[in-house]
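Overview (structure and organization)
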Amino acid sequence: QNEEEYGGEDEYSYASSTAEDEDYEEEEEDNDGDYSSNTTHKITNDFKQHFVAIGVAIIAALVTHMHINGGYMTWREEMRKDWEILMKRFGGNKNENTIVSNNAAAAPYAAPSMNYIPTHQRKMASEKAMEGYVKEDHQYARRSGGHERAREYRRTDGLSFCPVAHLITSPAAAVDDGTSTSSNNLEDVEFLLALDPSVRVLHSYYLADALGVESSMVYEDPAAEFLGSYGSDVILKDIDSLSGEEPTLDQVKHVLESHLPSSLVDNEHACLLHQYALNKATGRSIRGTTKVYIRPHVSTFYRNKFPSHSVAAFGKPAAKVGPAPLSFTGFATKFINLSTQPVKLYWDAGRISSGPREGQMHTVLIGTVQSMESIGTASHPGHQFFVATTYDKDNVLDRYTATADEQVWYYDPLEDLSLEKRAEEMDKMTKDNKWTAKQRFGREAWMVNQSFSRDYLVKTRMIWLANFPQPYHDGSNTALEKVSNHMWPAEYIGQVHTFDTNHLYFTDLPQELQSLTKQDYEPDMESQRLSAMEQFQSTSLKGETDSDNNKSMSLNVKVVSCAPRVVEVKKFLSPVEVQHLINLASGETGNVPMELSRVSASPNGGKRMRGDAMAEVRSSKGGWIHREQDVVVDTIFRRVADLLNIDERLMRDHYTPEDLAGDVELPPTHDRVVEAMQLLRYDPGDGYTAHHDFTFPSVGSRYQPRRFASVLLYLTGEGDVVENGVRSKSSGINDDKALEGGETTFPRAITTENHDGIKIKPQSGKAVMFYNVLPDGNMDDLSQHAGEKVEKGVKYLANIFVWDPIIN
């Protein structure tokens, strides 16, 4: 399962289909039409294959079951001891009222559950347990993360269900001209959600935030088992039992506080449940608000060019300026699997027009999609896709056609049933154990997401590609900014910001460059190392002496596109730093294997092509280096952190000695929020077709991890020559080796004049950064970008992908 979900042994491959899957699919495609015409022979062979496959599957399932159960008992015994120690330390004791349940579901980084009998004793025990996690740094970090902001992160921040201050009295409406008058282009939107299942799902999200566990596991977390199981929640049952026709908000809060420590009770959570208490008899919808991003009008992208959004002529009413029609028609698509079994998604490319397979159907495997998970790919209008079972590509379950209005598809085996019949079938599946509580939660979470997407489309005129809810990025909300990455404003093209960095240019290199260890990042060792490097650094690219002996320098961030949000920083790298990275990429001084670049980066599946199919999409060679490679690479990462306006310590792993000593899976909240630097080499003819960098996380993931921003570092520029691993400017003699082409294009960038979006020419030492998400947490579909083919010479590039709030 793990190999299939995360792409086997490839550390940087996140697609769900394995190489074995691809080999099977390609072999199956290559042999289409070559089967024996002997019907009896065919049936016999098929029977043998299926019989053997079933036998292998049964044996594998039995072995896996034995393996899991064997490890489970050991884990439970260890955690039971930890729980007893924790309860003794904070006043708990193991007696008839605090019995460890032997049937509790196992969940990493939490203590075994307890069956509490009286409500007041249940509350007292839960408070002591929660205080234990807060006061014991190691235990608390295991639950909620190694990074401070990961512990403070709440997925439900930004939601409002209280009927005061934030609620809008009028229905959500579309914006006439796409112009937002609010700060940061975020405006309130009111959404309506069906009482069932929205309350269960949102209630789970609030509990997950309060308890520091994954949303889909909130009822399986042993420390929270007293809440009940999904669909039979104890808190909701207590609210159902409130007396009176209209329970008060105080009564609802009292119910919450009887189950949770007061410090973990959120006011908006209470308001959500208050609406449930008031509406459950009538079935009225839940009403809430959040903020969504309203894309500004294109005329605002040009300062003083269109002061009135119009052009007046001959005293007649002004004609409104609009965006230039785009010649590129691509967009992102997203597929959600609502069945209880994994399925495979294929692109149906039609019949092959020539060659040895002329007339045969050409299909490309996009990826395997697990139950209640999603997958994404770039597409164009009219593209045909189909979903099939994992064991037979010809067993087609459903078909889809890509259009700009239909970018998100749901495969739902219950789609044709009425709402009433669908609910009956889901209850029957639960009763018959045909799906897990996690699967039912996933299905209902996707239904809530689909409902919100309709209100989002009406208000913003954009497709909702993310998973609801998402906290928004608002510069005025300091609480949210503490747990989310900074976004540079992009109010108009040419807007300039400035940031300071004390990580100066390397203008010379030490004689020996060694990789860094964890000890090198200890405060004393780090201070000594940084001081020792000052003799090799300068605020000047040429290493000229600074008369003021400045320890920092200022760099300008220039907006080159507002939609998508793209900025550039010239002279971000020094020539010495550029050459050092080229050396690593060319193998002159480093040992960085450069292999054929992969296509996918989606944690739940992605385009996993090989051979000609992949070469049509991406053709380049790449390798990966971590920031610990040496002091030069480490300094570049620190400078990138300053560009992003985040603490560079977020780009380090946060593991304690206790974490590393235990033989347990470590939580992703301890990981750095940045991937390793990807070094890329493009030879003549190499390029990368239009694609997105963002990923689609699991709907139940509390943190919703995704690639927040992409940083491109250009190592060679137009006219540069790389010979024997050394970069130089063309001298005229070697013009045939000078770089031509290789521009980075954003074909969907909105302007008033360019039908092809924007094009950025490579320039040695320049950094380009763009955001893969919008301020409201949605994926930015306009961030689709491409690497144009190299016409001559060699193009070297480095990528750094930054995640928010944690890495997947």
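Residues numbered from 1 in each chain as written. Predicted model: local features only at pLDDT ≥ 70, side-chain atom pairs only at ≥ 80, totals over all residues. Heavy atoms only, no water.

Glancing now at the environment of Asp-683. Mapped onto the secondary structure, Asp-683 falls in the loop between strand S21 (677–682) and strand S22 (688–691). A relative accessible area of 22% places Asp-683 in the partly exposed class. Asp-683 sits 112 residues away from Lys-795 along the chain, and the two C-alpha atoms are 6.6 Å apart. Non-local contacts of Asp-683, meaning those with residues more than four positions away in its chain, are made with Val-790, Gly-793 and Val-794. (Helix = DSSP H or I, 4+ residues; strand = E, 2+ residues; numbered from the N terminus. Buried < 20%, exposed > 50% of the residue type's maximum accessible area, 1.4 Å probe, protein only. Contact = heavy atoms within 4.5 Å.)

Across all of its chains, the model carries 18 aromatic pairs by this definition. Geometrically, the ring pair formed by Phe-385 and Trp-409 is tilted, given 5.1 Å between the ring centres and 45° between the ring planes. With Phe-385 in strand S11 (residues 384–389) and Trp-409 in strand S13 (residues 408–411), this pair connects stretches of sequence that are 24 residues apart. An aromatic cluster is present here, built from Phe-161, Phe-191, Tyr-206, Phe-452, Tyr-456, Trp-464 and Phe-468 joined pairwise through their rings. (Phe/Tyr/Trp six-rings, centres within 6.5 Å; stacked < 30°, edge-to-face > 60°.)

For the rest of this paragraph, the subject is the sheet that holds strand S7 (residues 331–337). Read across the sheet, 3 strands follow the order S10-S7-S13 without closing on themselves; strand pairing throughout is mixed. Single-partner strands in this sheet number two, and they are strand S10 (374–379) and S13. On average, adjacent strands in this sheet sit at an angle of 20° to one another, irrespective of strand direction. In this structure, S7 lies alongside S13, joined through 4 bridges in parallel fashion. From the neighbouring strand, Phe-335 faces S13, where its bridge partner is Trp-409. (Pairing = 2+ DSSP bridges. Axes fitted to C-alpha atoms, helices over the stretch in contact; angles between N-to-C directions.)

Attention shifts here to the sheet that holds strand S28 (residues 758–760). In spatial order, the strands read S22-S30-S27-S28; together these 4 strands make up an open sheet with antiparallel pairing. The sheet is open, and its two edges are formed by S22 and S28, each paired on a single side. Taking each pair of neighbouring strands and ignoring which way they run, the sheet shows an average axis angle of 15°. Taken together, the 2 bridges between strand S27 (residues 744–746) and strand S30 (residues 785–787) define a ladder with antiparallel strand orientation. When the bridges of S30 are listed, Thr-745 appears paired with Ala-786.

All right, on to empty space enclosed by the protein then. Inspection of every chain in the model, using the stated rule, returns 3 cavities of 30 Å³ or more. Approximately 60 Å³ is the volume found for the largest cavity. As for the largest cavity, its lining consists of Leu-159, Thr-290, Lys-291, Val-292, Phe-452, Tyr-456, Trp-464, Phe-468, Pro-469, Gln-470, Tyr-472 and Asp-776. Of all the secondary-structure elements, those providing two or more residues to the lining of the largest cavity are strand S4 (286–293) and helix H12 (437–460). Tallying contributions element by element places S4 first for the lining of the largest cavity, with 3 residues. Residues of the lining of the largest cavity, tallied by class, amount to 8 nonpolar, 2 polar and 2 charged. (1 Å grid on protein atoms, 1.4 Å probe; cavity = no way out; pocket = protein on both sides within 12 Å on 5 of 7 lines; lining within 4 Å. Points joined across faces, edges and corners; volume = space filled by probe spheres on them. Nonpolar A, V, L, I, M, F, W, Y, C, P; charged D, E, K, R; others polar.)

Once that is clear, we can look at the state of the cysteines. This structure, assessed with the given rule, holds 1 disulfide. The disulfide bridge from Cys-162 ends at Cys-271, spanning 2.1 Å between sulfur atoms. An S-S torsion of about 90° defines the bridge between Cys-162 and Cys-271 as right-handed. Residue Cys-162 is located in the loop between helix H6 (148–152) and strand S3 (186–193), and its partner Cys-271 is located in helix H10 (residues 267–279); the two are separated by 109 residues in the primary sequence. Look at Cys-271 and you get buried, because its relative accessible area is 3%. (Disulfide = S-S within 2.5 Å.)

Quick look at the confidence of the model for the protein now. Residues at a pLDDT of 70 or more form 69% of the protein, whose mean pLDDT is 77. When the criterion is pLDDT under 50, residues 1–40 qualifies, and its contacts beyond four places in sequence or with other chains add up to 76 contacts. Of the regions scoring below 50 in pLDDT, residues 63–145 engages in 138 contacts with residues more than four places distant in sequence or in other chains. (pLDDT = per-residue confidence, 0-100.)

Moving on: the pattern of salt bridges. For side chains bearing opposite charge, pairing can occur when the charged atoms are close. Applying the stated rule across the entire model yields 35 salt bridges. Its salt-bridge partner being Lys-428, residue Asp-432 comes within 3.0 Å of it at the nearest N-O pair. Look at Asp-432 and you get partly exposed, because its relative accessible area is 36%. Residue class for Lys-428 comes out partly exposed when judged on its relative accessible area of 43%. Its salt-bridge partner being Arg-627, residue Asp-634 comes within 2.9 Å of it at the nearest N-O pair. Take Asp-634 and Arg-627: they sit in the same class, and that class is buried. Among the charged side chains, a network of salt bridges with common partners joins Glu-526, Arg-529, Arg-627, Asp-634, Arg-638, Glu-648 and Arg-652. (Salt bridge = Lys/Arg side-chain N within 4 Å of Asp/Glu carboxyl O.)

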